[in-house]
Amino acid sequence: MSVHAFADPSLSTAVRVRGGVVAVTDGPYLPTSDHVAGQYVVDCESRERAVELAALLSSGHACGVEVRPLMDSAGMEM
């Protein structure tokens, strides 16, 4: 088992794909009344790569995907 803590919500990025157009918004969270249905932990070389992967996932989700760094014992990862 492993445990991961999310970084502060202000560091998140919301990614949505509508009609094939990717929309990336910096901000604390996706504005929705839905809840977290699951999570992927992906080790990426950059935030841009994480956003690119989120866009691939977002195309099948109604509300989008939130990208947020993880924390480790020494501080923020990503």
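I will try to describe carefully the structure that is included in this document. (Residues numbered from 1 in each chain as written. Predicted model: local features only at pLDDT ≥ 70, side-chain atom pairs only at ≥ 80, totals over all residues. Heavy atoms only, no water.)

Some remarks on the nonpolar core
Working step 1: Residues Val15, Val17, Cys44, Ala50, Val51, Ala54, Ala55, Val65 and Val67 constitute the largest nonpolar core, which totals nine residues.
Working step 2: Of all elements in the fold, only strand E2 (13-18), helix H1 (47-58) and strand E4 (65-67) reach the threshold of two or more residues within this core.
Working step 3: Sorting elements by how many residues they give to this core places H1 first, with four residues.
Working step 4: Setting aside anything within four residues of it in sequence, one finds Val15 in contact with Val22, Ala23, Val51, Ala54, Ala55, Ser58, Gly64, Val65 and Val67. (Core = buried A, V, L, I, M, F, W, Y, C linked by side-chain atoms within 4.5 Å. Buried < 20%, exposed > 50% of the residue type's maximum accessible area, 1.4 Å probe, protein only. Helix = DSSP H or I, 4+ residues; strand = E, 2+ residues; numbered from the N terminus. Contact = heavy atoms within 4.5 Å.)

Remarks on the pairing of E2
Working step 1: Among the six residues of E2, five are classified as buried, and the element is accordingly described as predominantly covered.
Working step 2: As judged from the six bridges shared by E2 and strand E3 (residues 21-26), these two strands associate in the antiparallel manner. Note that in E3 the partner of Val17 across the bridge is Val22.
Working step 3: Hairpin connection, E2 to E3: the antiparallel pair is bridged by two residues, and Gly19 has positive phi, about 60°. (Pairing = 2+ DSSP bridges.)

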